[in-house]
Amino acid sequence: MTGKVTIAGLGPGADAFITPSVAEAVSHATDVIGYIPYVKRITPRDGLTLHASDNRVERERAAHALDLAADGKQVVVVSSGDPGVFAMAAAIFEVLEENLDKWGHIDIEVLPGITAMLAAAARAGAPLGHDFCTINLSDNLKPWKVIEKRLRLAAEADFAMAFYNPRSKSRPEGFEKALILLKSICGDNRPVIFARAVSTSEETLRTVPLQDTSADMADMRTVVIVGSSQTRTINTKAGAWVYTPRTYG
Ligand SMILES: C[S@@+](CC[C@H](N)C(=O)[O-])C[C@H]1O[C@@H](n2cnc3c(N)ncnc32)[C@H](O)[C@@H]1O
């Protein structure tokens, strides 16, 4: 019997943000594969084999999942957030496209999850209420020149922006360069949200005017949302909300 690969998003951290479809797929899985911290979120049970692997081996993980499914296993590949957002779904399709003769017969399903950007936006209010774009600031898989061009054009087009992978120990300088560029192009003090470990017990949310931001405000567990020129803060007795109105100008 041929198995199946289900590519599932576990959401940003809280179990309450795991969709019922993803929970059901995991409950029927024979094998769960993923990056170590994501596989740790799966409760072990009889009949389920957990395969945790390190960062940066996405292609090997994808091939392993397809191989297990070819052997008849019900495989769930887990990502955090949504599996189609800077995660395993694209990695699996890359490997599949190169090996259609070997794995082209395998049934694949992608189950969406709540991506970090949406969970962070909801905590802050509605900063993505008008047009926005999402940029991965890691230059592992694309040159910095491309990131810089996208940042510049997105800022000139006045999008709100969400940044994934803003800053790691091995790439401390990229986010600093991004902030310098945005400060010079935007020239105003629009709100910037630093949302760290959203929906976990370590969650922190901090809103800082653009000109006061600094690179050390983000790490690899942070998603950063930069408002557009229209994004504003409402201070209420219960707290502050950041939102972008639906109409422009
Ligand atoms: C490899 S990407 C995975 C994104 C994931 N597929 C998603 O849809 O959220 C990892 C980046 O997502 C962001 N991220 C993931 N979980 C987060 C959370 N709970 N809070 C804030 N940012 C998070 C961070 O920017 C982190 O560097």
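Numbering of residues begins from 1 in every chain and follows the order in which that chain's sequence is written. Reporting in this predicted model follows two pLDDT cut-offs: at least 70 for local features of residues, and 80 or more for side-chain atom pairs to be given and counted; totals over whole chains, interfaces and linings ignore these cut-offs and use all residues.

A word on helix 1 (residues 20-28). Working note: α-helix, 3.6 residues per turn, so residues spaced by three or four point in the same direction. Here helix 1 has its buried residues at Val22, Ala25 and Val26. Take helix 1 and look down its axis: the buried residues cluster within an arc of 100°, on one side only. Along helix 1, exposed side chains directed more than 90 degrees from the buried face belong to Pro20, Ser27 and His28. Remark: residues whose backbone-derived C-beta atoms lie within 7 Å of one another are considered to be in contact. Elements are defined by DSSP. Helices are runs of H or I of four residues or more, strands are runs of E of two residues or more, and each kind is numbered from the N terminus. In this structure, the buried side of helix 1 is in contact with strand 1 (4-9), strand 2 (31-35), strand 4 (74-79) and strand 5 (107-111). For every residue, the other C-beta atoms within 10 Å of its own C-beta are counted; 20 or more classify it as buried, 12 or fewer as exposed, and values in between as partly exposed. C-beta atoms are placed from the backbone. When we speak of the arc, we mean the arc of directions from the helix axis to the C-beta atoms.

Among the structural elements, glutamate 148 can be located in helix 7 (residues 144-156). With 26 residues separating them along the chain, glutamate 148 and glycine 174 place their C-alpha atoms 9.4 Å apart.

Turning next to the pairing of strand 13 (residues 239-243). Bridge analysis of strand 6 (residues 125-126) against strand 13 gives two bridges, and the strand direction is parallel. Bridge pairing links alanine 126 to tyrosine 243 in strand 13. Note on pairing: two strands pair once DSSP finds at least 2 bridges between them.

What follows covers the site of the ligand. Residues in close proximity to the ligand total 24 residues, the closest being Pro12, Gly81, Ala87, Thr115 and Ala116. Looking at the shell around the ligand, the elements that each hand over two or more residues are helix 6 (116-124), strand 9 (191-196) and strand 11 (222-226). Note that Gly is not counted as nonpolar here; it falls among the polar residues with everything else outside the nonpolar set of Ala, Val, Leu, Ile, Met, Phe, Trp, Tyr, Cys and Pro and the charged set of Asp, Glu, Lys and Arg. Here the shell around the ligand is composed, by residue class, of twelve nonpolar, nine polar and three charged. No fewer than three residues from each of domain 1 (4-114) and domain 2 (117-243) sit in the shell around the ligand. Nearness between a residue and a molecule or strand is assessed with a C-beta atom placed from the backbone; a distance within 6 Å qualifies. Domain ranges listed in this record stem from an automatic or a database domain assignment.

Turning next to the nonpolar core. Joined through C-beta atoms within 7 Å, a set of buried Ala, Val, Leu, Ile, Met, Phe, Trp, Tyr and Cys residues constitutes a nonpolar core. Residues Ala65, Val77, Ile92, Ala120, Val223 and Ile225 are the most contacted members of the largest nonpolar core, which totals 68 residues. Considering every element that reaches this core, the biggest residue donor is helix 6, with seven residues. When residues no more than four places from it in sequence are discounted, the contact partners of valine 77 are Val5, Ile7, Ala8, Ile33, Gly34, Ala65, Met88 and Ile92.

Another point: helix 3 (residues 58-70). The terminal C-alpha atoms of helix 3 lie 18 Å apart, and with 13 residues this matches the ideal 18 Å at 1.5 Å per residue to within 8%. Taken together, the buried positions of helix 3 are occupied by Glu58, Arg61, Ala62, Ala65, Leu66, Leu68 and Ala69. The buried residues of helix 3 occupy an angular sector of 160° when projected down its axis, which confines them to one face. For helix 3, the secondary structure elements touched by its buried residues are strand 1, strand 2, strand 3 (49-53), strand 4, helix 4 (88-98) and helix 5 (100-103). Here the expected span of a helix is defined as 1.5 Å times the quantity of residues minus one.

This next bit is on unusual backbone geometry. One non-glycine residue with positive phi stands out, namely arginine 56, at about 65°. Topologically, arginine 56 is positioned in the loop between strand 3 and helix 3. A positive phi angle, close to 50°, is found at phenylalanine 86, a residue other than glycine. With respect to the secondary-structure elements, phenylalanine 86 resides in the loop between strand 4 and helix 4. Take phenylalanine 86: there are 20 C-beta atoms within 10 Å of it, and that puts it in the buried class.

Attention shifts here to the domain arrangement of the protein chain. Domains assigned within the protein chain are domain 1 (4-114) and domain 2 (117-243). Placing the centre of domain 1 and that of domain 2 at their C-alpha centroids yields a distance of 28 Å. Taken residue by residue, the interface counts six residues in domain 1 and eight residues in domain 2. Here the side of domain 1 that touches domain 2 is composed, by residue class, of five nonpolar, one polar and no charged.

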